[in-house]
Amino acid sequence: MLYAEVAVEAARGSGRETYTYAVPDGVDVVPGHRVTVPFGRRSTYGFVVSLGTEDPGVEVKPIATAGSEPLLLPHQVALARLVADHYWLPLVECLRAMLPPRVRATGSSGSAASSRQRRHSRLVELATGPASRAAQPDLTAEQKEALDVIGANQVTLLHGVIASGKTEVYLAAAERALADGFRVLLLVPDISLTPQLVQRVRARLDAPVAILHSQLTELERAQQWWRTRRGEAQVVLGSRSAVFAPIPRLGLICLDEEGSAAYKQDRTPRYEAGWVARRLATVTGARLVAGSATPNVVTYHEAAVGQLALAKLTKRVRGRDADVELVDMRDELAAGNRQPLSQRLVEVVGRTLENEEQVILYLNRRGLSTFVLCRDCGKSVQCLGCSVALVQHAEIDGLVCHYCGYSRVMPSVCDHCGSRNIKGLGMGTQRLEGIVKKLWPQARVLRLDSDAAKGPDSYFDIWEAFSERRADILVGTQMVARGFDLPAVTCVGVVDADLPLHFPDYRSAENTFSLVVQVAGRAGRDGRSSRVVVQTSNPDHYSLRCAAANDYEGFYAAELPSRKAFVFPPFAELAVLTRTDRDDAKAAASAREAAEALVSGLLTEGIEGIRVMGPAPAFIHRLRGEYRWQVTLKGDGLERARHLAPRGKTWSYDVDPTT
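Just so it is clear, the model here is predicted, and its values are computed rather than measured.

Q: So, unusual backbone geometry: which residues are in play, and what are the values?
A: Most peptide bonds take the trans configuration, and most residues that are not glycine carry a negative phi. For the bond from Thr 268 to Pro 269, the omega torsion is -5°, close enough to zero to count as cis. That bond from Pro 569 to Pro 570 is cis: its omega, 15°, falls within 30 degrees of zero. Among the structural elements, Pro 570 can be located in the loop between α17 (552–565) and β24 (573–581). Of note in the backbone geometry, Arg 469 takes a positive phi value of approximately 65° without being a glycine. Phi at Asp 656 takes a positive value of approximately 60°, unusual for a residue other than glycine. Residue classification places Asp 656 among the partly exposed positions, given a relative accessible area of 26%.

Shown next as C-alpha cells:
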C-alpha cells in the first residue's frame, strides 16, 4: 500500500505539518500534486509532499481525487521545507505562496485560453508582443571579469556603482545560461517599476518571456504561471513572489537591487526573497548573482569574509556622476526661509527648466498633510483602529489611514476640545506637487506614488509620459528612486533626507544611504552636467556624507562598528514574536508570560547565546483594531528556540525582520 503525506489547506492553524492518506489504486500522485482529501466531516484540498510504503499504524482515509499533473516541481517542495523551517512557518503556508490564488483554488484556472478576456496589462503586452532585437554591446574589462566570477561560483554579489552596467552583466550571463539549455529568473523589487528593463530583456534575449507580479489581474497571473510551469517561457521576470515560480531546468537567478526592503514580505508568510533565492540556487544547482550599488550590509559582510563571491564594477560605462550637495535646512530657517524647498534647490530646478531638461523631486511621504493637529490642545486626528495619525488626501477631500484604509471627512473642529484652530501639518507628495505648480506655473508636473499609480497600467502610463518628455518635473516617493534611466533628467532634489534617519530601526542609516544614492543615480545618465540637492538637518551624519560622495565602502566601515557594539545583524540573528488581541491588557499579559516561558525554557535546556527582550508594545501599537505586543529574540542559532515559542492564531513570527 502506498501512503502520501499531505499538507492540508484546512489544517493551516492546527500546528501540524502533514496528515497521512492512503493512495487508492488507479490514482497516480507524486510530491507536488494538488489532491482533494476528506478532513473531519468535510472535503478540502492539499498538496502531496512525500510518498512511502510504511504502514502508519493507524486507520487512514484515502485521497479522493488528484489533478492530472503535479502543480509543483520536486525542487519547490524541497524549497518549501527550507523556507518553513527558517521562518517558523507551517509548511502549507509556504506551498500556498507558490501558487497564484486561482490555481491554488481550482488547480486549473488559467491553463487554457479564456474567451472572455478582452485585454492584457501593458507590461504583459510589452513582454509577450513583438520585440526589436539589439546587439550585445562590447563588455568592459570589469564586466568580463564579473562574468567570469559568476561562472565560477554558485553565489556572487555583484557590487557596481550606479550606471556601471550591472544589467548588461545579467543579460550576458543569461545568454550563456540559455545557450546551455537552462532557464533564467530575473527578480526585481517591483516589476511594475521597470518597463525599461522588460524592453531591454526582450531586445537582447531571443527567448519567450513570462511576467509574474501581484499587480497583474488574477487571470493574467494564472496564465503567466502556467506558461512558466509548462516550460513555454525561458525567461521569467518578476517581483518578490516570483522566487517561487515553477521553473523547470533553472540555471541562473539574477536578484537585482539586492537588499531592497521591497523583497521582504510584510504579511504571512514573512519571507525575504533574497534568502529564498539563495536556497533556490542550492536545491536546483542554479547560479545566483545578486547585484546592487547599495547592497545590504549583511550580504556585503558575507562577501567580505569570503562566504560568497564578490565581483565589483567601480566605473560607470556611460554618463558621469552628478554633483551632490547637502543643504542644511537649519541655515535656511535661520535665514528666514520657512518654505519646504531651499533657495538652492529652487535655483537649481529653475536653471534646469530654462535648459529644457527634466527634474525629479523625491519625498517619501504620500498625501497632502501628514497629520492634522489642533493648535490649542495639541492632539492630532487619529485612526479609530490604528495608533497612527490620519493623513490628509486631496482626491477625497478628507483623511485616510495608510494602514487599514479607514477614512473620514476633514473635521472643522477638534474632536477633543472643540477648537476650530485645526490645521493640516507636515508635507506629502500631494502638497509638494501643489507647491511646485505654484513656483513654476509653466512647467508640466506629474506625481508618482501609490495613490497616483493604483491601476495595473498607471505606473506604465506615468513613466511613458515622463520618458517621452511630456512632463518637466516628476514628484514622487521611492517609486521614482529606481527604474528611471532617462537622459534628460539632470536635476534631482531630495526634499527631506532625514525621514528614514528618525525611524526606530537598526537599519535607519543604511536605508538613508541607499535611498539617497539610488535617487541621485537618476541624474547624469548621458553625460550632461547634472546636480543633486539633498535637503537635511543632519548634514554631518555619516550616511549622508557617504551618500553624497557615493562611497559605499566608507559607509560600510562606519556602520559596522555600531552593528557589532549593539549586536545587530550581521553579528546576530533576530526574530520578533508578536501577540495581538483586541484587549490591550490581555495582549500584554500573554506576551509577558511568553517571554518568561522562553527565558525559563532556555535556562532549563541549557541553550546559550540567545537573549530574550521585552515584552514591549509594537511601534504601531494598535493596528486594525488590535493591540500588538512583541517579544524579540536576539542571538545565534535562533531555530534552537523555535519549539519554545508561543503558539496559536494570536501569535505571529517575523524571522530576520527588516526593522
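Q: Requested: an account of helix α12 (residues 343–354), with residues and values cited.
A: The end-to-end C-alpha distance of α12, which contains 12 residues, comes to 17 Å, matching closely the 16 Å that a straight helix rising 1.5 Å per residue would cover. Among all positions in α12, only Leu 345, Val 348, Val 349, Gly 350, Thr 352 and Leu 353 are buried. Buried-residue contacts for α12 involve β14 (358–362), β21 (473–476), β22 (489–494) and β23 (531–536). Backbone geometry just downstream of α12 places Glu 356 in the positive-phi region, at approximately 60°.

Q: I'd like a rundown of the sheet that holds strand β18 (residues 407–409), residues and numbers included.
A: Read across the open sheet, the three strands follow the order β16-β17-β18; overall the sheet is antiparallel. With one partner strand each, in any of the chains shown, β16 (391–393) and β18 form the two edges of the open sheet. Strand-to-strand twist in this sheet, taken as the mean axis angle between neighbours without regard to direction, amounts to 35°. Direction of pairing for strand β17 (residues 398–400) relative to β18: antiparallel, over a ladder of three bridges.

Q: Residue-level account of the sheet that holds strand β13 (residues 323–328), with values.
A: Spatially, the six strands line up as an open sheet ordered β13-β23-β22-β14-β21-β20, and their pairing is parallel. Both outer strands of the open sheet, β13 and β20 (445–448), are each paired with one neighbouring strand and no more. The mean inter-strand angle of the sheet, taken between neighbouring strand axes irrespective of direction, is 15°. In terms of strand pairing, β20 meets β21 through four bridges, oriented parallel. Among the inter-strand pairings, Leu 448 is bridged to a residue of β21, identified as Gly 476.

Q: For the side chain of Arg 229, give the residues involved together with the corresponding values.
A: Among the secondary structure elements, Arg 229 is positioned in helix α8 (residues 218–229). Notably, Arg 229 is buried but unbridged: the nearest opposite-charge side chain belongs to Glu 69, and the N-O separation is 4.8 Å. The residues contacting Arg 229, other than those within four sequence positions of it, are Pro 70, Leu 71, Leu 72, Leu 73, Pro 246 and Pro 248.

Q: Can you tell me about the packing of aromatic side chains, naming the residues and giving the values?
A: Inspection of the entire model under this criterion finds 15 aromatic pairs. For the pair Tyr 45 and Phe 47, a centre-to-centre distance of 5.9 Å together with 80° between the ring planes defines the contact as edge-to-face. A centroid spacing of 4.6 Å and a plane angle of 5° characterise the contact between Phe 513 and Phe 555, whose relative ring orientation is stacked. Remark: Phe 555 occurs in helix α17 and Phe 513 occurs in helix α15 (residues 508–520); sequence separation between them is 42 residues. There is no split in this pair, since Phe 513 and Phe 555 are both buried. The cationic tip of Lys 634 hangs over the ring face of Phe 568; the distance from NZ or CZ to the ring centre is 4.1 Å.

Q: Kindly report on the pattern of salt bridges, identifying the contributing residues and their values.
A: For the structure on display, the rule yields 32 salt bridges. Across the salt bridge formed by Glu 175 and Arg 204, the nearest N and O atoms sit 3.4 Å from each other. Residue Glu 175 is located in helix α6 (residues 166–179), and its partner Arg 204 is located in helix α7 (residues 195–204); the two are separated by 29 residues in the primary sequence. Among the ionic pairs, Asp 472 bridges to Arg 444, the shortest N-O distance being 3.0 Å. Placement of the pair is Asp 472 in the loop between α14 (458–467) and β21 and Arg 444 in the loop between α13 (429–439) and β20, with a sequence separation of 28 residues. Using a relative accessible area of 40% as the deciding quantity, one classes Arg 444 as partly exposed. Here the salt bridges share partners, and the residues they tie into one network are Asp 323, Glu 325, Arg 344, Glu 347, Arg 351 and Arg 531.

Q: Now, about the packing of helix α1 (residues 74–86) against helix α9 (residues 273–284): what can you tell me, with residues and values included?
A: Between α1 and α9, whose axes approach to 10 Å, the crossing angle comes to 140°. Accordingly, the angle class assigned to the pair α1 and α9 is oblique. Regarding α1 and α9, the two cross each other, and that crossing is right-handed. When α1 is examined against α9, the residues His 75, Ala 78, Leu 79, Leu 82, Val 83 and His 86 are found in contact with a partner set consisting of Trp 275, Val 276, Arg 279, Leu 280, Val 283 and Thr 284. A class-by-class count of the residues in the contact of α1 with α9 yields eight nonpolar, three polar and one charged.

Q: Report on empty space enclosed by the protein, specifying residues and quantitative values.
A: For the coordinates displayed, the defined rule picks out two cavities of 30 Å³ or more. Estimated volume of the second largest cavity: approximately 50 Å³. In terms of lining residues, the second largest cavity is bounded by Tyr 170, Leu 171, Ala 174, Val 184, Leu 186, Val 201, Leu 205, Val 235 and Cys 254. Broken down by element, the lining of the second largest cavity gets its largest block of residues, three residues, from α6. Its residues assigned to classes, the lining of the second largest cavity shows nine nonpolar, no polar and no charged.

Calculation criteria
- Residues numbered from 1 in each chain as written.
- Predicted model: local features only at pLDDT ≥ 70, side-chain atom pairs only at ≥ 80, totals over all residues.
- Heavy atoms only, no water.
- Helix = DSSP H or I, 4+ residues; strand = E, 2+ residues; numbered from the N terminus.
- Buried < 20%, exposed > 50% of the residue type's maximum accessible area, 1.4 Å probe, protein only.
- Expected span 1.5 Å × (residues − 1).
- Contact = heavy atoms within 4.5 Å.
- Pairing = 2+ DSSP bridges.
- Axes fitted to C-alpha atoms, helices over the stretch in contact; angles between N-to-C directions.
- Lys, Arg positive; Asp, Glu negative; His and termini not counted.
- Salt bridge = Lys/Arg side-chain N within 4 Å of Asp/Glu carboxyl O.
- Phe/Tyr/Trp six-rings, centres within 6.5 Å; stacked < 30°, edge-to-face > 60°.
- Lys NZ or Arg CZ within 6 Å of the ring centre and 35° of its normal.
- Parallel < 35°, antiparallel > 145°, perpendicular 65-115°, else oblique.
- Left-handed = near helix turned anticlockwise from the far one by under 90°.
- Nonpolar A, V, L, I, M, F, W, Y, C, P; charged D, E, K, R; others polar.
- 1 Å grid on protein atoms, 1.4 Å probe; cavity = no way out; pocket = protein on both sides within 12 Å on 5 of 7 lines; lining within 4 Å.
- Points joined across faces, edges and corners; volume = space filled by probe spheres on them.

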